[in-house]
Amino acid sequence: MIRCTFAHVDLGALESNFRAIEAFLAARTPAGRRPPAIVAVVKANAYGHGAGPVALALERAGATMLACADIEEGIALREAGVQVPILVFGALSVSDLDGLFEYGLTPTCSTPGAGKALQAAAQRHRQVLEYHLKIDTGLNRLGFRHDNLDRTLPELLAAPNLRCAAVYTHFATADDLAHPLFDLQLERFASARATLASRGVVPATVHAANSAALLRDPATWFDAVRPGLLLYGLAPAALSGVLAVRPALSLRSRVVAVKNIRQGESVGYGARYVADAPRRIATVPAGYADGLDTRLGGRGEVLVNGRRVPIVGAVSMDMLAIDASSGPVYAGDEVVFLGEQGGDRITVAEMASWIGSIPYEVLCRLGSRIERRYNRP
Ligand SMILES: *Cc1c(COP(=O)(O)O)cnc(C)c1O
């Protein structure tokens, strides 16, 4: 062990979350029907958990497909040894597409421009390329608009070197149970599929559900579901009671220095924290370069020696200070930013709420210099 700040990733938790989702889907699928397949989303370095080891664990657990953001991420997954199909979510209209062929990746076609580029590349490689067609039903980000497919699809469907293997959409408000856009998107998706069918295209696979949609409505399941967050052991707040999952990641460090300061003395850049009484301040070697948001200063807490103690003063690039006056603290003591210690737990959702962010961002921002350590169950 060289640096003492590290993220511990429990691959056993990932696998058990995968199985919990599998069981949840199976239990609610009508008899005689096949439960949806699970496309495991591992974009953004597997939500900060480390793409290679996480992808291989999910493949072992039974994921039939993995999904990532762009071709570069797909190549990294192949180089880590992933064998199952890999879906690339991102827009490909202005990318170098050769990696799709060299590494056997499945592209999303989400604009007419991407369709042209994919056809040209497939022709150059003398291959018939299977793609997933993305329909925009209301997120207004990527995808063919649901309401003018008659105009935008014919050229794509006529492309001689492309084959539509699947059609999908993505929800904007699945984690907001009251928002009307969710049902509207489902309706629009149905009518888009009817338009496709009227043109003789009935893709073998239909998918739509992210974690929140998967939890809230079996009508979104179709042939496959695309959970990300849930696999990592986090559930959207509004749906947190639906399925028990276990957080896979904890973030830990150690106290490297302890000093006593006097009343009226300050701590850190800008002297933002001023002690109202004699205080015992401990320094922890993790800062905003490690993804710990500057807004944690004066707002966040850590666990040390089984106690919750506040982060005080400005978070620096490589370290931060905690006020450990409430009990004994020594250099070498374990500090927990995320995860459990002594029966208490700091969740990703809690850290997100301290800094006015969302769990996704907290995980994805964990710095590249933080070592990820993996265990098997
Ligand atoms: C990120 C993503 C998902 C997974 O979303 P979660 O909310 O993490 O389950 C699914 N589909 C697409 C298109 C995505 O970009």
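Throughout what follows, the structure given in this document is the object of discussion.

Reading the values: rules and limits
Residues numbered from 1 in each chain as written. Predicted model: local features only at pLDDT ≥ 70, side-chain atom pairs only at ≥ 80, totals over all residues. Heavy atoms only, no water. Buried < 20%, exposed > 50% of the residue type's maximum accessible area, 1.4 Å probe, protein only. Helix = DSSP H or I, 4+ residues; strand = E, 2+ residues; numbered from the N terminus. Pairing = 2+ DSSP bridges. Right-handed = clockwise from strand over helix to strand, strands pointing away. Near = heavy atom within 4 Å. Polar contact = N/O pair within 3.5 Å; in protein donor to acceptor, adjacent residues only side chain to side chain. Areas by Shrake-Rupley, 256 points an atom, 1.4 Å probe, with all protein chains shown as cover. Nonpolar A, V, L, I, M, F, W, Y, C, P; charged D, E, K, R; others polar. Phe/Tyr/Trp six-rings, centres within 6.5 Å; stacked < 30°, edge-to-face > 60°. Lys NZ or Arg CZ within 6 Å of the ring centre and 35° of its normal.

## Section: the pairing of strand 5 (residues 106-109)
The two faces of strand 5 match: Thr106 and Thr108 on one face and Pro107 and Cys109 on the other face are all buried. Where strand 4 (residues 86-88) lies against strand 5, 2 bridges are found, and the strand directions are parallel. Residue pairing in the sheet places Leu87 in a bridge with Thr106 of strand 5. Alignment of strand 5 against strand 6 (residues 129-136), held across 2 bridges, turns out to be parallel. Looking across to strand 6, one finds that Thr108 is bridged to His132. Once you follow strand 5 into helix 6 (residues 112-124) and on to strand 6, the crossover reads as right-handed.

## Here we look at the site of the ligand
As a structural note, the neighbourhood of the ligand is formed by Val41, Lys43, Tyr47, Phe89, His170, Asn210, Ser211, Arg226, Pro227, Gly228, Leu229 and Tyr360. Between the ligand and Leu229 there is a distance of 2.8 Å, counted from an oxygen atom to a backbone nitrogen or oxygen. Protein contacts shield 93% of the accessible area of the ligand, which totals 390 Å² for the unbound molecule. Residues of the shell around the ligand, tallied by class, amount to 6 nonpolar, 4 polar and 2 charged.

## Quick notes on the packing of aromatic side chains
Per the counting criterion, the structure on display carries 6 aromatic pairs. Ring centres of Tyr47 and Tyr360 lie 6.1 Å apart, and the angle between their planes is 45°; on these two criteria the pair is classed as tilted. On the criterion of sequence distance, the pair formed by Tyr47 in helix 2 (residues 43-47) and Tyr360 in helix 11 (residues 359-364) is long-range, its members being 313 residues apart. Look at Phe89 and Tyr168: their rings are 6.2 Å apart centre to centre, the planes differ by 50°, and that puts the pair in the tilted class. Taken together, the residues Phe89 in the loop between strand 4 and helix 5 (98-102) and Tyr168 in strand 8 (residues 162-168) connect sequence positions 79 residues apart. Each of the two residues, Phe89 as well as Tyr168, counts as buried. Linked through ring pairs, Tyr47, Tyr232 and Tyr360 together constitute an aromatic cluster. Between Arg193 and the ring centre of Phe189, over which it is positioned, the NZ or CZ distance is 4.7 Å.

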